[in-house]
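Residues per chain are reported as follows:
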Amino acid sequence: MAARPPHFLFSTPRSMVVKTQHSIRFNHFLPSAIKRPNYNTTEKYGGPLRSRMRWSGSKQGRSQEFCQREDDRVPPHEGLSSVAVGGVVALGKFDALHIGHRELAIQAAKVGVPFLLSFVGMAEVLGWEPRAPIVAKCDRKRVLSSWAPYCGDITPVEYELEFSKVRHLTPHQFVEMLSKKLGVRGVVAGENYRFGYKAAGDSSELVKLAEEYGMGAYIINNVMDKNQYYGNMGSSNLKEQGQVSSTRVRLALAKGDMKYVSELLGRQHRLVVMVKDQEWLVSNQHRLSARKSCFLNLPPKEGLYKSCSVLIGNDKNVVPCKVTIDASDIHLELHDAATCMRIISQDFQCLGIDFGESGA
């Protein structure tokens, strides 16, 4: 997707950055030639009503396809400046694409074209054990498209940098890269964001360095988790302060608490299953089974989930179902045999399974 051109270039002095509970206020002045956008209210989550800017222009089309063979994220290379020049990048680890990540995109969209900037290859470089993503790689564009109504009808675009190529940059060098090589005009980060070699830089230094390079820096407070069901995690994670996080999403999935997962994500969790026709097992006319090795992202814990739906081809073709996950397989119980036949008759099938709020 081609990025829209920026409406203005901006530079915000450090003294004009103001944090609020869930968002930020932008106290800099717009040029007189720029028409101020209209403000509208959006839904609230554990706090006061948020506002968003609605820019003029055509709306971004929303993708109907929930799974695609090719990844829609901009690949990691040196050409980001041709994509994001003049844009505003949200910084973070966007594994879950939860409501805290969405808030970063909302704030970025208020002052420019929003981009999500993250790193690939961290696990390999740092020696972390591999684990399944929370959002399937092929499903991320759909999730970001669902954020467009919160972001002035602009769908945020992802861009990734190879971690191995930037891991040794100092905080100063990292911000310099954003400004000079990537053409970024603003950054948005959470209050506990750290960057640079060995995480030497914090949010206050990000603001200082951004000012030095003529960029706007917008620091937002954490979006807090209203449900402290999993208690204090601070003993194992010093950055954990009760905020919404990918760690909490993983814990909720491990418990099979799908209502809680939906609250953290701001949507139902979607499990993407990629199965070729010969890999389906048909136990009766209404039940299909597939191996767990077909999963493209993290499933909830083993058990029976009654209020689910399976999506065949696109978001318009939704069929209610029950889902059972056991030690080796996933089982779909459908209401009619015709739907089972539709699924197994296709040469290549990528299914999305949405989990309702009933837990295991």
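Below is a summary of the structure that appears in this document.

Quick notes on the packing of helix α8 (residues 246-255) against helix α9 (residues 258-265)
Relative orientation of the contacting elements α8 and α9 amounts to 160°, with a least axis distance of 8 Å. In terms of their interaxial angle, α8 and α9 are classed as roughly antiparallel. The chirality of how α8 crosses α9 is left-handed. Here Arg 248, Val 249, Ala 252 and Leu 253 of α8 come into contact with α9, specifically with Met 258, Tyr 260, Val 261, Leu 264 and Leu 265. A class-by-class count of the residues in the contact of α8 with α9 yields eight nonpolar, no polar and one charged.

So, the pairing of strand β8 (residues 186-190)
For β8, the buried fraction is high: five of the five residues fall into the buried class. Across the two faces of β8 the burial is the same, with Gly 186, Val 188 and Gly 190 and Val 187 and Ala 189 all buried. Regarding the hand of the β-α-β motif, the stretch spanning β8, helix α7 (residues 203-212) and strand β9 (residues 216-220) is right-handed.

Description of the side chain of Ser 245
Mapped onto the elements, Ser 245 comes out in the loop between β9 and α8. There is a polar contact of 3.2 Å between the side chain of Ser 245 and the backbone nitrogen of Arg 248.

Re empty space enclosed by the protein
Tallied over the full model, the rule gives one cavity of 30 Å³ or more. Breaking the lining of the largest cavity down by element, the ones donating at least two residues are α4 (140-146) and β10 (269-276). Broken down by class, the residue content of the lining of the largest cavity amounts to four nonpolar, three polar and four charged.

A few points about the environment of Thr 170
Take Thr 170: it is sitting in the loop between α5 (163-166) and α6 (171-181). Each C-alpha atom, one on Thr 170 and one on Lys 198, is 8.7 Å from the other, the two residues being 28 residues apart in sequence. Beyond its immediate chain neighbours, meaning those up to four positions away, Thr 170 contacts Gly 196 and Tyr 197.

A short note on the pattern of salt bridges
The final tally for this structure, using the stated rule, is ten salt bridges. A salt bridge links Glu 158 to Arg 140, with the shortest nitrogen-to-oxygen separation between them at 2.5 Å. Of this pair, Glu 158 sits in strand β7 (residues 157-162) while Arg 140 sits in helix α4, and the two are 18 residues apart along the sequence. With relative accessibility at 5%, the residue Arg 140 sits in the buried group.

Considerations on α8
Listed as buried for α8 are Ser 246, Arg 248, Val 249, Arg 250, Ala 252 and Leu 253. The inward-facing, buried residues of α8 abut α2 (99-111), α9 and β10.

Description of the environment of Val 135
Secondary-structure assignment places Val 135 in the loop between α3 (122-126) and α4. Residues Val 135 and Pro 299 lie 164 residues apart in sequence; the distance between their C-alpha atoms is 9.9 Å.

What counts and what doesn't
Residues numbered from 1 in each chain as written. Predicted model: local features only at pLDDT ≥ 70, side-chain atom pairs only at ≥ 80, totals over all residues. Heavy atoms only, no water. Axes fitted to C-alpha atoms, helices over the stretch in contact; angles between N-to-C directions. Helix = DSSP H or I, 4+ residues; strand = E, 2+ residues; numbered from the N terminus. Parallel < 35°, antiparallel > 145°, perpendicular 65-115°, else oblique. Left-handed = near helix turned anticlockwise from the far one by under 90°. Contact = heavy atoms within 4.5 Å. Nonpolar A, V, L, I, M, F, W, Y, C, P; charged D, E, K, R; others polar. Buried < 20%, exposed > 50% of the residue type's maximum accessible area, 1.4 Å probe, protein only. Right-handed = clockwise from strand over helix to strand, strands pointing away. Polar contact = N/O pair within 3.5 Å; in protein donor to acceptor, adjacent residues only side chain to side chain. 1 Å grid on protein atoms, 1.4 Å probe; cavity = no way out; pocket = protein on both sides within 12 Å on 5 of 7 lines; lining within 4 Å. Points joined across faces, edges and corners; volume = space filled by probe spheres on them. Salt bridge = Lys/Arg side-chain N within 4 Å of Asp/Glu carboxyl O.

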